[in-house]
Amino acid sequence: MAVRAVVIEADGGSRGNPGPAGYGAVVRDSETGEVLAERSESIGTATNNVAEYRGLIAGLEAAAELGAAEVEARMDSKLVVEQMCGRWQIKHPGLRPLAAQAAGLVSRFTAVRFTWVPRERNRHADALANAAMDAAASGAAPAGPGKAAAREATVVRATGTDPATTPASWEPRPTEEATRLILVRHGETERTVQKRYSGRGDVPLTERGRAQARATAARVAALAPSVAAVVSSPLSRCTATAEAVAAQVGNPPVRTDDDLIECDFGVWEGHTFAEVREGWAAELDAWLASTRVAPPKGESFVTVAERTGRAVDRLRSAYPGETVVVVSHVSPIKLVLRDALAAGDAFLHRLYLDTAGISVLDLYPDGGVAVRSVNDTSHLTDV
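This one's a predicted model, so the numbers in the text were calculated from it and none came from an experiment.

1. Considering empty space enclosed by the protein
- On inspection of all chains with the given rule, the structure shows 2 cavities of 30 Å³ or more.
- By volume, the largest cavity is sized at about 60 Å³.
- Lining the largest cavity, in full, are Leu181, Leu183, Leu260, Ala311, Val312, Leu315, Val326, Ser328, Pro332, Ile333 and Val336.
- Secondary structure elements with two or more residues in the lining of the largest cavity: strand E6 (179-185), helix H10 (301-318), strand E9 (323-328) and helix H11 (330-340).
- Taken together, the residues that form the lining of the largest cavity break down as 10 nonpolar, 1 polar and no charged.
- Its volume calculated, the second largest cavity comes out at about 30 Å³.
- Lining the second largest cavity are Leu183, Arg185, Ile333, Leu353, Asp354, Gly357, Ile358, Ser359 and Asn375.
- Of all the secondary structure elements, the ones that give two or more residues to the lining of the second largest cavity are E6 and strand E10 (358-363).
- A per-class count over the lining of the second largest cavity returns 4 nonpolar, 3 polar and 2 charged.

2. Here we look at the pairing of E9
- Most of E9 is tucked away, with 6 of its 6 residues classed as buried.
- With burial as the criterion, each face of E9 is covered, one bearing Thr323, Val325 and Val327 and the other bearing Val324, Val326 and Ser328.
- With 6 bridges joining them, E6 and E9 adopt parallel strand pairing. If you follow Leu183 over to E9, its bridge partner there is Val326.
- Alignment of strand E7 (residues 229-232) against E9, held across 4 bridges, turns out to be parallel. Each bridged residue has a counterpart across the sheet, and for Ala229 the counterpart in E9 is Val324.

3. Description of unusual backbone geometry
- Omega for the peptide link from Asn17 to Pro18 comes to 0°, which places this bond in the cis form.
- Summarising the element assignment, Pro18 is placed in the loop between strand E1 (5-14) and strand E2 (19-29).
- Positive phi is not limited to glycine here, since Lys195 has a value of about 55°.
- Position of Lys195 among the secondary structure elements: in the loop between helix H5 (190-193) and helix H6 (207-223).
- At Ala342, a residue that is not glycine, the phi angle is positive and equals roughly 50°.
- If you trace the backbone, Ala342 turns up in the loop between H11 and helix H12 (347-350).
- Classification of Ala342 by relative accessible area gives partly exposed; the value is 46%.

4. Some words on the layout of surface pockets
- Reported here for the second largest pocket is a volume of approximately 960 Å³.
- For the second largest pocket, the lining is made up of 31 residues, of which Arg185, Lys195, Val330, Lys334 and Tyr352 are closest to its centre.
- Those elements giving two or more residues to the lining of the second largest pocket turn out to be H5, H6, helix H9 (281-289), H11 and H12.
- Broken down by element, the lining of the second largest pocket gets its largest block of residues, 4 residues, from H11.
- For the lining of the second largest pocket, the class distribution of residues is 14 nonpolar, 7 polar and 10 charged.

5. Description of the pattern of salt bridges
- Following the criterion strictly, the structure yields 24 salt bridges and no others.
- In this structure, Arg191 engages Glu269 in a salt bridge whose closest nitrogen and oxygen atoms are separated by 2.5 Å. Placement of the pair is Arg191 in helix H5 and Glu269 in the loop between strand E8 (254-256) and helix H8 (273-279), with a sequence separation of 78 residues.
- The exposure class of Arg191 is partly exposed, given its relative accessible area of 23%.
- The class of Glu269 is partly exposed, set by a relative accessible area of 21%.
- The closest approach of N and O atoms between Arg314 and Asp259, which form a salt bridge, is 2.9 Å. On the criterion of sequence distance, the pair formed by Arg314 in helix H10 and Asp259 in the loop between E8 and H8 is long-range, its members being 55 residues apart.

6. Digging into the side chain of Gln212
- Relative to the helices and strands, Gln212 resides in helix H6.
- A polar contact of 2.8 Å, which involves the side chain of Gln212, links it to the backbone nitrogen of Glu188.
- Setting aside chain neighbours within four positions, we find Gln212 in contact with Gly187, Glu188, Thr355, Ala356, Leu380 and Val383.

7. Here's the deal with the confidence of the model for the protein chain
- Summarising the model, the protein chain shows a mean pLDDT of 87, and 90% of its residues fall at 70 or more.
- Contacts from residues 141-175, a stretch scored under 50 in pLDDT, to residues over four places away or in other chains number 62 contacts.

8. Structural notes on the sheet that holds strand E3 (residues 35-46)
- If you walk across this open sheet you meet the 5 strands as E3-E2-E1-E4-E5, and the pairing is mixed. Strands with a single pairing partner mark the edges of an open sheet, and in this sheet they are E3 and strand E5 (111-116). Neighbour to neighbour, the strand axes of the sheet diverge by 15° on average, direction disregarded.
- Bridging between strand E4 (residues 70-75) and E5 involves 6 bridges; their strand directions are parallel. Paired with Ala73 across the strands is Phe114, a residue of E5.
- Lying over the sheet, helix H4 (residues 123-138) contacts E1, E2 and E3, oriented at roughly 150° with respect to E2.

Calculation rules
- One numbering rule holds for all chains: residues counted from 1, following each sequence as written.
- Totals for whole chains, interfaces and linings use all residues, but because this is a predicted model, local features are given only for residues with pLDDT of at least 70 and pairs of side-chain atoms are given and counted only at 80 or more.
- Side-chain numbers come from the whole structure's heavy atoms, not from hydrogens or water.
- Put plainly, a pocket is an open set of points on a 1 Å grid over the protein atoms alone with protein on both sides within 12 Å along at least five of seven lines, a cavity is a set where a 1.4 Å probe fits but cannot get out, and a lining residue has an atom within 4 Å of a point.
- Grid points are joined across faces, edges and corners, and a volume is the space filled by probe spheres set on the points.
- For the purposes of this entry, the term helix denotes a DSSP run of H or I that reaches at least four residues, the term strand denotes a run of E that reaches at least two, and both are numbered from the N terminus.
- Side-chain classes follow a simple rule in which Ala, Val, Leu, Ile, Met, Phe, Trp, Tyr, Cys and Pro form the nonpolar group, Asp, Glu, Lys and Arg form the charged group, and the remainder, Gly included, forms the polar group.
- Three exposure classes are used, based on accessible area relative to the maximum for each residue type with a 1.4 Å probe and protein chains only: buried under 20%, partly exposed in between, and exposed over 50%.
- Pairing between strands is defined by DSSP: at least two bridges between the two strands are required.
- One speaks of a salt bridge when a side-chain nitrogen belonging to Lys or Arg is within 4 Å of a carboxyl oxygen belonging to Asp or Glu.
- N or O atoms closer than or at 3.5 Å make up a polar contact, with two conditions inside protein: a donor-capable atom paired with an acceptor-capable one, and, for residues adjacent in sequence, both atoms drawn from side chains.
- Residues are treated as being in contact if the distance between any of their heavy atoms lies within 4.5 Å.
- The predictor reports its confidence for every residue as pLDDT, a score running from 0 up to 100.
- The angle between two axes is taken between their N-to-C directions and runs from 0 to 180 degrees, where each axis is a line fitted to C-alpha atoms and a helix contributes only its stretch in contact.

As structure tokens, this is what we get:
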């Protein structure tokens, strides 16, 4: 039976941007909140924004099949919402055909309203999208939704890369549209000198570490004439580095973000690699072999990547087209760079990041990423 008004919750994403991608969409009765339909699909290799548009299209198609007249489309993608409302231009050629397809579906309804919602209010669609991304990464189709959860659902399937919707990495991009992240690892501490695992322990900078922070601040000021924000891990080795940077770039207040804190190394905290090898050989081997494995009483890199991804998404949304300095630790920065470069997990154990090293990446509104530099230490030659 047709329903007059529905709410669409849609989401999409990729593991790597571009990377293994998928989308999810949920259609609810706007009065009762009852789930009327679910849609999800793995779409091979694509960008976050392509997957988000595919989720919206799937939701609109499902709403049309249900005979809905009025639709509210809720998404946590500000880009898709703003573009569908006509407030942002659609400059990336890979998104234009998808936006046109969505607009064609919109014309079939009496009224359509687009609403941005925070990710925590889009959990159902986000869960479907993540299952589809997992399937794209593994090459297997995830299990479909249960009967109690939905009246109808498509079969989730993995497909190949769509060259029409996967942007070429060599395509020129207007740099003024990007959100630029200047990633800074904190200065030296006693534990970095001694090569000890330093996670949640609040270890201060050494005298040399403070000198490194001052040199880094001067380098950042030369790289970025205008800085919109300085965001830091809450640990003092980072906030001290961040405050030195802020003093050189116009004194914006240093804002802390708990999602930028170092990995929790659990019982390995304060130990050297050799000590961990001697005391926890099996656990260390398992940890080195999989990012899903955590040190005893610690945190896995998968968990760290989830929270650093949230932090990056917030910065992209909050500072479009601006420059943000992010002061963090070796593990979070490595994970951000891994995802920006669409690299594998082995990257984490092969990349070396010096204390007070600088990496720069640009995040474009269409989901594109350009890594400008990695571990720049040219400013530390005299420190």
